[in-house]
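The chain contents come next:
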Amino acid sequence: MRILTASDSALLVEAADLDEAMRLNLAWDGVLGVVERVPGARTVLVRFDPLIVSAADLAAVLAATEIDAAHLPVTGEVIVPVRYDGEDLDEAASLLGVSAAELVNRHLAADWKVAFSGFAPGFGYVVSSDPLFDVPRRSSPRTRVPAGSVALAGQFTGVYPRESPGGWQLIGRTDAVMWDIDREPPALLSPGTTVRFEQVRAQVVVSENADDRADARPVADRHAVAGATDPGSPAANEAAVEIVRPSLQLLVQDSGRPGFAALGVSASGVADRRAMREANRAVGNATGAAVLESVGGAVLRFRGPGVAAVAGAGGSLELIDVQGVTRRIDHGAPFATVDGDELTLGHPTSGLRYVIAVRGGVAVESALDSRASDTLAGLGPAPLVAGDVLRVGDSARHPVEPDVTPRTLPAPGDLVDLEVTLGPRDDWFTAAALATLTGQEWTVTPRSDRVGIRLEGAVPLERSVSGELPSEGAVTGAIQVPPDGQPVLFLPDHPLTGGYPIIGALTDRSLDLAGQLPPGVRVRFTVKETS
């Protein structure tokens, strides 16, 4: 096997093939210091805690692994009804040198099994023994692929659990619910599951009510019913926060949900961890308590007495009471609130995201042990809108500890340095591209979000290796390079796996700064010196 650097806290292990990658993934269960494993088509991404084990020591342990020759476990069987009317059906058939009818017939006849999960919750990479299915991705990915789309890429079939971007070849669609957090397991296509596709010829009318949808179920659980997360409403006498005017994006966030990569769920969580820690300490919460994350200005109204603090982006902060009296609020300092007080967050003059903590934490329903809103996966609370009311919890158990450490965040036009480690696919790029990565300034474009920061440079990064990369795991902070050569810097809501090569990744100490980069900021990458 070959072991590559994926970041300062992750290694990417190359296997001979998909089967070996699956066996290695199973063999590393319980290895000291390993936080999470993300299997791919021929790789396993191994995230580790550098405080417990070094990269060199972990690599030695991984390299010495003896894999079990036993068969991989089978975890169940599902039947997925498919309407074979995808936009790319004819093109995919042509690429494979068969008719559309033969492609459909062989897709129906093949024995399929879910090899691993990734990209998004409920997205299973389903593989068969039929050698026909080895299809290149589209040369230009779609910006929107409808939920339920059945698609081909490489040797895999996949079903998009929700609307998202994607570059797979669309051959059909299904009304099956791929992801239901109230189902066990939540993913219909979970690793180890055998899959049989059945053709649906009649037109099916899909109800707006999720409970009425034609829905594939595990064979042993045909009558499971999908559920929905409802944060509930505060009682009249409970402390709460009302959204008077939301920002461009106002979300509930916490430290995220690590540990669910096997379900295709990324950690997500707040984009600026330092700001969350500062705000929570200022009001006496645990550092990972749920907060509000606001891209830009907003207006919040407090119900009942409480304590709040604002960290992260810099900008004017004003508290207006019911009498109309205005007072300025200091950044990072706790302030008392009474019923009817309104907090106005001005447009940031530096940074991008405010983090607002309230004593007791924001008390919404959790999903997979976290209250974080994952915008790519659709997990956690929905983006907040005017009129939403959030209950304040009672979990504060710590003294108020304002953090007085000064912090300067960038404004549009400023130049910032971000530290990176090269790899795992820096060898897919020319020497000139590696020089360009660190020698050229990159501008943050407005087409950026919590999934990733789209960067633009005068000279695109040139690849030395053509062709497609089999899907493999990616970390937060990874610098992925699409065919146009303009990098995308992954933020917390990035997909777990992807097929474009990753030239490098931010070090942990640069991640929080990346979450505060507004459009127009200029970025310069510097390579971390290794001992």
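The coordinates are above.
Just so it is clear, the model here is predicted, and its values are computed rather than measured. (Residues numbered from 1 in each chain as written. Predicted model: local features only at pLDDT ≥ 70, side-chain atom pairs only at ≥ 80, totals over all residues. Heavy atoms only, no water.)

Structural notes on the pattern of salt bridges
Between side chains of opposite charge, a pair can form when the charged atoms approach closely.
1) Next: Under the criterion given, the structure shown has 30 salt bridges.
2) Next: Among the salt bridges present, the one from Arg2 reaches Asp427, with a minimum N-O distance of 3.6 Å. Of this pair, Arg2 sits in strand S1 (residues 2-7) while Asp427 sits in the loop between strand S25 (415-422) and helix H6 (431-439); the two residues are 425 residues apart in sequence, bridging distant segments of the chain.
3) Next: Of the residues examined, Asp427 reaches a relative accessible area of 39% and is grouped as partly exposed.
4) Next: One network of salt bridges, in which partners are shared, links Arg2, Glu14, Arg425, Asp427 and Glu472. (Salt bridge = Lys/Arg side-chain N within 4 Å of Asp/Glu carboxyl O. Helix = DSSP H or I, 4+ residues; strand = E, 2+ residues; numbered from the N terminus. Buried < 20%, exposed > 50% of the residue type's maximum accessible area, 1.4 Å probe, protein only.)

Describing the sheet that holds strand S18 (residues 306-314)
1) Next: The five strands are arranged S15-S16-S23-S18-S21 in an open sheet whose pairing can be described as antiparallel. Taken across any chain shown, the strands that pair with only one partner, and hence form the sheet edges, are strand S15 (249-253) and strand S21 (335-337). Each strand axis lies, on average, 30° off the axis of its neighbour in the sheet, ignoring direction.
2) Next: Where S15 and strand S16 (residues 291-295) come together, five bridges link them in antiparallel fashion. Bridging across to S16, Leu251 finds its partner in Glu293.
3) Next: Packed onto the sheet, helix H5 (residues 273-283) meets S16, S18 and strand S23 (350-358) and runs at close to 155° relative to S18. (Pairing = 2+ DSSP bridges. Axes fitted to C-alpha atoms, helices over the stretch in contact; angles between N-to-C directions. Contact = heavy atoms within 4.5 Å.)

Examining the side chain of Arg183
1) Next: Summarising the element assignment, Arg183 is placed in the loop between strand S12 (169-173) and strand S13 (193-199).
2) Next: Exposure remark for Arg183: the relative accessible area of 4% places this residue in the buried category.
3) Next: Here Val177 takes part through its backbone oxygen, which lies 3.0 Å from a polar atom of the side chain of Arg183.
4) Next: Reaching out from Arg183, the side chain makes a polar contact with the backbone oxygen of Met178 at a distance of 3.3 Å. (Polar contact = N/O pair within 3.5 Å; in protein donor to acceptor, adjacent residues only side chain to side chain.)

Details of the sheet that holds strand S4 (residues 43-48)
Pairing between the strands of a sheet is mediated by backbone hydrogen bonds and can be parallel or antiparallel.
1) Next: Read from one edge to the other, the open sheet built from four strands follows the order S1-S2-S4-S3, with strand pairing classed as antiparallel. The open sheet terminates on both sides in strands that have one partner only, identified here as S1 and strand S3 (34-39). Each strand of the sheet is rotated relative to its neighbour by a mean of 25°, with strand direction disregarded.
2) Next: Bridge analysis of strand S2 (residues 10-14) against S4 gives five bridges, and the strand direction is antiparallel. Bridging from a neighbouring strand, Leu11 pairs with Val46 of S4.
3) Next: Its contacts with the sheet place helix H2 (residues 55-63) against S1, S2, S3 and S4, and it is angled at close to 25° to S2.

Section: unusual backbone geometry
Note: most residues except glycine have negative phi, and most peptide bonds are trans.
1) Next: For the peptide bond that leads from Glu184 to Pro185, omega is -5°, which places it in the cis range.
2) Next: Tracing the backbone shows Pro185 in the loop between S12 and S13.
3) Next: Across the junction of Gly423 and Pro424, the peptide omega takes the value 5°, indicating a cis bond.
4) Next: Turning to its location among the elements, Pro424 is positioned in the loop between S25 and H6.
5) Next: One non-glycine residue, Phe119, adopts positive backbone phi at about 65°.
6) Next: With respect to the helices, strands and loops of the structure, Phe119 is situated in the loop between strand S6 (112-117) and strand S7 (124-128).
7) Next: Positioned with a positive phi, Ser268 is a non-glycine residue whose angle comes to about 55°.
8) Next: The residue Ser268 is located in the loop between S15 and H5 in this model.

A short note on a nonpolar patch on the surface
1) Next: A contiguous nonpolar patch, built from Leu32, Leu51 and Ile52 and spanning about 390 Å² of accessible area, is present on the exposed surface.
2) Next: Mapping Leu32 onto the fold places it in the loop between helix H1 (18-27) and S3. (Patch = residues over 30% accessible without salt bridge, like charges linked within 9 Å, V, L, I, M, F, W, Y side chains within 5 Å. Areas by Shrake-Rupley, 256 points an atom, 1.4 Å probe, with all protein chains shown as cover.)

Concerning the nonpolar core
1) Next: Trp28, Val46, Leu58, Phe116, Phe156, Tyr160 and Trp168 are the most contacted members of the largest nonpolar core, which has 32 residues in total.
2) Next: Elements with a minimum of two residues in this core: S2, H1, S4, H2, S6, S7 and strand S9 (149-153).
3) Next: Take this core: its biggest share by element is four residues, from H1.
4) Next: Listed in part, the 28 residues of the second largest apolar core include Val78, Tyr84, Val114 and Phe197. (Core = buried A, V, L, I, M, F, W, Y, C linked by side-chain atoms within 4.5 Å.)

Some remarks on helix H3 (residues 89-96)
1) Next: For H3, every residue scored as buried is listed here: Leu89, Ala92, Ala93 and Leu96. Here the buried residues of H3 occupy an arc of 100° about the axis, which is enough to place them on one side. Counted as exposed and oriented over 90 degrees from the buried face of H3: Asp90 and Ser94.
2) Next: Buried residues in H3 make contact with helix H4 (100-109) and S12.
3) Next: Trailing H3 by a residue or two, Gly97 shows a phi angle of about 75°, which is positive. (Arc of directions from axis to C-beta.)

With respect to the packing of aromatic side chains
1) Next: Throughout the structure, instances matching the rule amount to 11 aromatic pairs.
2) Next: Ring geometry for Phe116 against Phe156: centres 5.6 Å apart, planes inclined by 80°, an arrangement best described as edge-to-face. Of this pair, Phe116 sits in strand S6 while Phe156 sits in strand S10 (residues 156-159), placing them 40 residues apart in sequence.
3) Next: Take Phe156: its relative accessible area is 6%, and that puts it in the buried class.
4) Next: Plain terms: the ring middles of Phe119 and Tyr160 are 5.9 Å apart, the flat faces sit at 80° to each other, and that makes the pair edge-to-face. (Phe/Tyr/Trp six-rings, centres within 6.5 Å; stacked < 30°, edge-to-face > 60°.)

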